[in-house]
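Spelled out from the first residue to the last, the chains are:
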Amino acid sequence: MGIYRFKTGEETVELSLRPDVKKIYMEPTTSCNYSCITCIRHSWGDEIGHMPWSVFEKLIKDMEELPDLKAVHFGGFGEPLSHPRIIEMITACKKMGYSTEMITNGSLLTAEVAVQLIDIGLEWIYISLDGPDEDCFSHIRPGASFEDVTRNIRMLQTLKKNMNKQAPQLGIEFVATKTNFSKLAMMRGIVDDLGANRFIISNVLPYHESMKDEIIYNGDANLEGFGWESPLLSIKAAPNFQLRTQRTCKFVEDKALVITYQGDVSPCYAFMHTYHCYIFGREKAMLAHSFGNVANKSLQEIWSDPKYAVFRWSARNAQYPSCIDCRQADGCIMSQTNEADCWGNKPSCGDCLWARNIVVCP
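Residues numbered from 1 in each chain as written. Predicted model: local features only at pLDDT ≥ 70, side-chain atom pairs only at ≥ 80, totals over all residues. Heavy atoms only, no water.

S.K.: It is not clear to me how the overall build of the protein chain should be interpreted in this structure. Could you clarify?
M.R.: When helices and strands are tallied, the protein chain shows nine helices and 13 strands. Its C-alpha atoms give the protein chain a radius of gyration of 20 Å, near enough to 21 Å, the size a compact globule of 362 residues would have. Going through the 362 residues of the protein chain one by one, you find that 55% of them count as buried. Here the contacts in the protein chain between residues at least 6 apart in sequence split such that 72% fall between residues at least 24 apart. In the form shown here, the protein chain has an accessible surface area of approximately 15,900 Å², with 48% of it arising from carbon and sulfur atoms. (Helix = DSSP H or I, 4+ residues; strand = E, 2+ residues; numbered from the N terminus. Rg over C-alpha atoms; globule rule 2.2 N^0.38 Å. Buried < 20%, exposed > 50% of the residue type's maximum accessible area, 1.4 Å probe, protein only. Contact = heavy atoms within 4.5 Å. Areas by Shrake-Rupley, 256 points an atom, 1.4 Å probe, with all protein chains shown as cover.)

And the structure:
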């Protein structure tokens, strides 16, 4: 803890190095039983694996040193329910008094697993449902079954009712593409029928060239006339469908950090892994960036590192170039990766679609 001072131009900035983390996004695994066309795995070379128990135990120990920590989200770029000890992970966090939530594709949500999640008091479960019918769903998730996933959801809701429990509350997440956007209007009936408490719409971030023309956030799409003000949905989250000037980092504003299954601490989802993506059709190499690994440092030490604190200040105050709408972006060498930018940031947030509220996550 303490104060860190640095100069930016003629201004001296003072940053408190308090361990004031409020939320942790934890990646239990990068393994998944699906191969969705929208998945990051189509462009990365990272290893597939589960978080070792020794890493998780170290995290639990470190979390005790974070007095402001309130919530733990189990997600990342894998299917959390495929981790053999995911129930133990959630249970350990619940025993420490944290609010817990998880995102899942819903295919492994058996009755046994559902009862365990209800018993331990998981607060929120978000289930990805990228279409209102079998054809749309299986197009995005080849080999997956819309019927199986919705049956699992209904089973979860029935078990909650039978056990006289309200949690976990249900959230449905829909990733919008050019292919499935025409079906979005049908999703209101689906989410109401499933008894969802929250419906989140996000835009696709293309991780493969075959998906780069599937984006709809070019100003042509909107939600007007879809009638989303359902009394059954307590909160609606929807993205921007066109580029706007305002930039806000949800991870920084929420005082959140992200932990990969290997124990690397990243500032957000975008920096978790090394991969390629397409920003409005322009290919970009994204390099993983970590401010430390829990095997070598505590979460408190990593969060309070001046380099990480300055990064958060820069993101909060939009002290980075807007590469997305820069007229020189297509010919700019620096915009080809996130390694650095023309303002001197290392790494760079210049092309972040989360900051533009185009890509949305729980």
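S.K.: What's the story with the pattern of salt bridges in this structure? I'm lost.
M.R.: Any two side chains of opposite charge can pair, given that their charged atoms come close. In the structure shown here, the tally under the stated rule is 20 salt bridges. Between R154 and D193 there is a salt bridge, with its nearest N and O atoms 2.4 Å apart. Linking R154 in helix 5 (residues 146-162) with D193 in helix 6 (residues 187-193), this pair joins segments that are 39 residues apart in sequence. One continuous salt-bridge network, built from bridges that share partners, spans R282, K284, D330 and D351. (Salt bridge = Lys/Arg side-chain N within 4 Å of Asp/Glu carboxyl O.)

S.K.: What am I meant to see in the layout of surface pockets here?
M.R.: Any empty space left between atoms is shown by rolling a water-sized probe over those atoms. Of the volumes computed, that of the largest pocket is approximately 390 Å³. Around the largest pocket sit 18 residues that line it, and V310, S314, G344, N345 and K346 are the ones nearest its centre. Of all elements in the fold, only strand 1 (3-8) and helix 9 (306-316) reach the threshold of two or more residues within the lining of the largest pocket. When residues in the lining of the largest pocket are grouped by element, the largest group, six residues, is from helix 9. For the lining of the largest pocket, a count of residues per class yields 10 nonpolar, six polar and two charged. Of the pockets and cavities examined, the second largest pocket occupies roughly 240 Å³. In terms of lining residues, the second largest pocket is bounded by 15 residues, among which T248, K250, W354, A355 and N357 are the most central. In terms of residue class, the lining of the second largest pocket is built from seven nonpolar, four polar and four charged. (1 Å grid on protein atoms, 1.4 Å probe; cavity = no way out; pocket = protein on both sides within 12 Å on 5 of 7 lines; lining within 4 Å. Points joined across faces, edges and corners; volume = space filled by probe spheres on them. Nonpolar A, V, L, I, M, F, W, Y, C, P; charged D, E, K, R; others polar.)

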